[in-house]
Amino acid sequence: MRQACSVPEPTDPSQHPHAATLRRLEQSSGKLAAAAIARMDEQLPWYRAMPPENRSWIGLVAQAGIAAFTEWFRHPETPQAISTDVFGTAPRELTRAITLRQTVEMVRTTIEVVETAIDEVAAPGDESVLREALLVYAREIAFATAQVYAQAAEARGAWDARLESLVVNAVLSGEADEGAVSRAAALGWNSPEHVAVVLGTAPDGDSELTVEAIRRASRHAKLQVLTGVLGSRLVVIAGGSDDPLRAAKSLIGPFAAGPVVAGPVVGDLLAATRSAQAAMAGLKACAAWPDAPRPVLADDLLPERAMAGDPVARELLVEEIYRPLEAAGSALLETLSVYLEQASSLEGAARMLFVHPNTVRYRLRRVTDVTGWSPSDVRSAFTLRIALILGRLAEYGRQP
């Protein structure tokens, strides 16, 4: 609610109770604006460092502020949109060029200049009236400043949210291109070397609160993120860590109950589609591994993903497990196959192969060295078994 100084509304400007002060204020407005600009140039380093165009706009704002005060003093009871009168003279981009703190300093400097000139501007006996009017107007201009920046922040936030949603959707749908990279850069994405996509279920409620919770978690973990809620899924593109599992653990708080899957690390945002597709396939396949850790790597779900029809998982199992074993010699493939068929028994495998158990043990260590999966671990043995099956099927498909 606007508070006015105790000056009754005149029906005729010439009958204003403080007509002499009003007239002197009108005559001094240009001089006061010039004095405000000079003081800003003298006291505010950020103003001196600005390009001439922005300093020009700030000068117009200062002039408009003094003119608006004069008009407000003329008609104190008339509702006036101070934010429009003062800040409407400058382009909207000015709120990006100067911060709220700098705007407050600009307004304070201008008010101080007018206040120091009150004894000179006011007609004899009107000093207290003009000073009271200036104090009330200063409060109004403070509210107007806050309103302008709040509206700019809301508009910028809504625009940024839409822009971020476009980037996240492009990565998830496999349509990421240089345009998506440019949009991400506009959002502050600094093209980190390591990028991974984390997927899970979005919690019920306001998606903006969920997104903000992800941002807080990312700041604490020193990660860059692009995030959004797409349908029932919460998607986080995390940059800055070469360990996707650690990144997922640091961001897991805002996710709803259920599986959370981290895709593999890739080199940049354009390649993040590959990480996203792996994470989506893993999220779909998680139902087949109810005891999966939370979060879980998409690569740890390769056998479930392969059985769910993911061609990438099938290819990875063949190319990263079966082919290296095949290249290392038939003894490793045969030993692994027999070992798994003999319920992971060293002695049973040794009898079937007519070798010493230590030979079987040595070959199984070689399998681990070649593939990175240990046959003695139950989960790894399951992955190796699926890889053997898929490799044999691939070999069979090559036959004429």
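Residues numbered from 1 in each chain as written. Predicted model: local features only at pLDDT ≥ 70, side-chain atom pairs only at ≥ 80, totals over all residues. Heavy atoms only, no water.

In the nomenclature of an unreviewed UniProt entry, the protein chain corresponds to PucR family transcriptional regulator from the organism Streptomyces boncukensis. Turning to the protein chain, the UniProt annotation filed under Sequence similarities (unreviewed entry) states: "Belongs to the CdaR family." (UniProt positions renumbered as here; feature names shortened; annotations may be inferred.)

**Describing helix α17 (residues 357-371)**
In this model, α17 (15 residues) spans 21 Å end to end at C-alpha, consistent with the 21 Å of a helix rising 1.5 Å per residue. Where α17 is concerned, the buried positions are Val360, Arg363, Leu364, Val367 and Thr371. Relative to the axis of α17, the buried residues are bounded by an arc of 105 degrees and lie together on one face. Just downstream of α17 lies Gly372, where phi reads positive at about 85 degrees. (Helix = DSSP H or I, 4+ residues; strand = E, 2+ residues; numbered from the N terminus. Expected span 1.5 Å × (residues − 1). Buried < 20%, exposed > 50% of the residue type's maximum accessible area, 1.4 Å probe, protein only. Arc of directions from axis to C-beta.)

**Thoughts on the pattern of salt bridges**
Taken as a whole, this structure holds 13 salt bridges when the rule is applied. Between Arg74 and Glu26 there is a salt bridge, with its nearest N and O atoms 2.2 Å apart. Here Glu26 lies in helix α1 (residues 19-43) and Arg74 lies in helix α3 (residues 52-74), a separation of 48 residues in the sequence. Given a relative accessible area of 33%, Glu26 falls into the partly exposed group. Lys31 is the partner of Glu120 in a salt bridge, and the nearest nitrogen-oxygen pair spans 2.9 Å. Note that Glu120 is positioned in helix α7 (residues 118-121) and Lys31 in helix α1, a separation of 89 residues in sequence. Looking at Lys31, the relative accessible area reads 55%, which means it is exposed. The network of salt bridges with common partners includes Glu319, Arg323, Glu326 and Glu395. (Salt bridge = Lys/Arg side-chain N within 4 Å of Asp/Glu carboxyl O.)

**Digging into helix α15 (residues 330-341)**
Over its twelve residues, α15 runs 16 Å from end to end, which matches the ideal 16 Å to within 8%, given 1.5 Å per residue. All of the buried residues in α15 are Leu332, Leu333, Thr335, Leu336, Ser337, Val338, Tyr339 and Leu340. At the exit of α15 stands Ala343, carrying a positive phi of roughly 55 degrees.

**Let's talk about the environment of Gln342**
Its place among the elements puts Gln342 in the loop between α15 and α16 (346-353). Taking the C-alpha atoms as reference points, Gln342 and Met352, separated by ten residues in sequence, lie 8.8 Å from one another. Ignoring any residue separated from it by four or fewer positions in sequence, one finds Gln342 in contact with Gly348, Ala349 and Met352. (Contact = heavy atoms within 4.5 Å.)

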